[in-house]
Amino acid sequence: MSEVNRNYVLSDGDAAFRAELDQAIADACAILKGTLPKFADGDVYPRGYKNGKWGVAPNAQPNYWTESFWPGLLWLAYELTKDEAYRQVADKNVLDFYRRVVENDEVDWHHDIGFLYTLSSVAPYKLTGNKIAKEAALIAAYSLSRRFRYRGSFIQSMGADGNYEPQNYRFIVDTMMNLPLLFWAAEETGDQTYKDKAMRHLRTTLKYLVREDGSTYHHFLMDHATGGPIRGLTLQGAHDESFWSRGQAWIIYGLAVAYDYTKDESLLPEFVRVTDFFINHLPKDYVPFWDFIYNDGDDEPRDSSAGAIAACGILEMARLIPHDTYNMEKYLRVAKEMIISMMRNCKTTPDMGVEALLLHTTPYKKGNSYDTSCIYGDYFYLECLLRATRNWENRYW
Ligand code: GLY
């Protein structure tokens, strides 16, 4: 068995691949730099993409979860280029997210607070030691931890805090990528209840939400009276028993990060189960359909963001375990193909005059949002380019 190589970089030893990645990074940063003035005040964020341009929205949109992917992108670009222009805006975003959390503006009820505060606040704290960012992230982690329900052992996704109406007593696969905020808070404060809640939620997810074949439900409804399971269902997938591809990607990456925080080896076969399902349902060009019930020959949109998220999860796990264990060599071959396909079939270039980096994402097919760009697609695309070219020591998650 080979050794763990925390410095592993996917493009090492492949000069042509590295050159293509470097060009993709240069293109992405040039586009981002051009978009920067539109968001320069640090209190507005990209939301909604139309005719090649981002819409502009304030922080704390009801029911929304993506504002932090903008500062996340800026921090990635800052790491890649050392250009202070990105940092200046992202530092303003820190203050805006601090305001949001202390004013409890769309925070307390929000299950995606991990997405929001990991990238907007944990990332700058890790990169620059910003104390305001740290405080914001710790308040957010406390808020997320309060959504943990002892009866059933999960983080409740739907409904305002304290709302136990039967239809809201449920959890979702997306929460797997909110758990890093709790793991981080446990390390930062020494308070192990954060980690304990994250692990309990994760175990409940593996028990009920992951199906026998490694596929996942999007949502899982629990019985408030007993804490027992009721049934799996979906919001964003094609139907309750289908295989929403972005959800499958969230659990791949979530398990990789959870493994790093816990070194709990029982998570590794689970990582294999969910990753096998993902890679075994990819079409020939390696860009996932929005739901894995579709494949080559189906006239349905792709979700390139799911591929970017899954590639990041595989590249994270590649830093944590030897590559001749748990199918890692196979997963790395697929991650490379997914990244190559994103660069050749989904990426934008500066001459296109558009503001997004990644095409062909499907935020919400049933809401008629498909074959478009989205800010988290851009974020994970740039994260996987960074991961494929560098040893990323400051993982934000
Ligand atoms: N709410 C997370 C997602 O749409 O993937």
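Numbering of residues starts from 1 in every chain and runs along the sequence as written. Local features are withheld for residues below a pLDDT of 70 in this predicted model, meaning they are given only at 70 or higher, and side-chain atom pairs are given and counted only at 80 or more; totals for whole chains, interfaces and linings count all residues. Water and hydrogen atoms were dropped before computing side-chain values, which therefore reflect all heavy atoms in the structure.

Turning to the site of the ligand, a few remarks are in order. When we say a residue is near a molecule or strand, we mean one of its heavy atoms is within 4 Å of it. Taken together, the residues surrounding the ligand are Trp65, Asp112, Asp174, Gln236, Trp244, Arg246 and Trp250. Pairs of N or O atoms are called polar contacts if they sit within 3.5 Å, as long as, within protein, a hydrogen donor faces a hydrogen acceptor (for residues adjacent in sequence, only side-chain-to-side-chain pairs). Contact distances for the ligand include 2.8 Å between a nitrogen atom and a side-chain N or O atom of aspartate 174. Residue type decides the class: Asp, Glu, Lys and Arg count as charged, Ala, Val, Leu, Ile, Met, Phe, Trp, Tyr, Cys and Pro as nonpolar, and the leftover types, Gly among them, as polar. Looking at side-chain class alone, the shell around the ligand contains 3 nonpolar, 1 polar and 3 charged residues.

Its 21 residues place the ends of helix 1 (residues 15-35) 30 Å apart at the C-alpha level, agreeing with the 30 Å of an ideal helix rising 1.5 Å per residue. Next to the buried residues of helix 1 lie strand 2 (53-58), helix 2 (69-81), helix 3 (84-102), helix 11 (328-346) and helix 12 (375-389). Numbering goes from the N terminus for both helices and strands, where a helix is a DSSP run of H or I of at least four residues and a strand is a run of E of at least two. Under the convention used throughout, the expected extent of a helix is 1.5 Å for every residue step, that is, one less than its residue count. We call two residues in contact whenever any of their non-hydrogen atoms come within 4.5 Å of each other.

This next bit is on the sheet that holds strand 5 (residues 170-172). Read across the open sheet, the 3 strands follow the order 5-6-7; overall the sheet is antiparallel. The sheet is open, and its two edges are formed by strand 5 and strand 7 (229-233), each paired on a single side. Averaged over all pairs of adjacent strands, the angle between their axes in this sheet comes to 20°, without regard to strand direction. By this definition, two strands are paired if DSSP reports at least two bridges between them. The pairing of strand 5 with strand 6 (residues 219-222) spans 3 bridges and is antiparallel. In the sheet register, phenylalanine 171 faces strand 6, and the bridge partner there is phenylalanine 220. Think of each axis as a best-fit line through the C-alpha atoms, taken over the contacting stretch in the case of a helix, with angles from 0 to 180 degrees between the N-to-C directions.

The contact between helix 4 (residues 113-128) and helix 6 (residues 179-189) brings their axes to 10 Å, and the two run at 45°. For the element pair helix 4 / helix 6, the angle class is oblique. Listed contacts from helix 6 to Ile113, Gly114, Tyr117, Thr118, Val122, Tyr125 and Lys126 of helix 4 are Leu181, Trp184 and Glu188. Residues of the contact of helix 4 with helix 6, tallied by class, amount to 6 nonpolar, 2 polar and 2 charged. Working definition: roughly parallel below 35 degrees, roughly antiparallel above 145 degrees, roughly perpendicular at 65 to 115 degrees, and oblique for all remaining angles.

Our next topic: the side chain of serine 157. Relative to the assigned elements, serine 157 resides in the loop between strand 4 (154-155) and strand 5. Here serine 157 falls in the buried class, since its relative accessible area comes to 1%. If near-sequence neighbours (up to four positions away) are discounted, serine 157 is found in contact with His111, Arg147, Arg170, Phe171 and Ile172. The classification of residues rests on relative accessible area computed with a 1.4 Å probe and restricted to protein chains. Under 20% of the type maximum is buried, over 50% is exposed, and intermediate values are partly exposed.

Residue asparagine 51 is not a glycine yet carries a positive backbone phi of 50°. Positionally, asparagine 51 belongs in the loop between strand 1 (44-50) and strand 2. Within the chain, asparagine 104 stands out as a residue other than glycine whose phi angle is a positive 50°. Its place among the elements puts asparagine 104 in the loop between helix 3 and helix 4.

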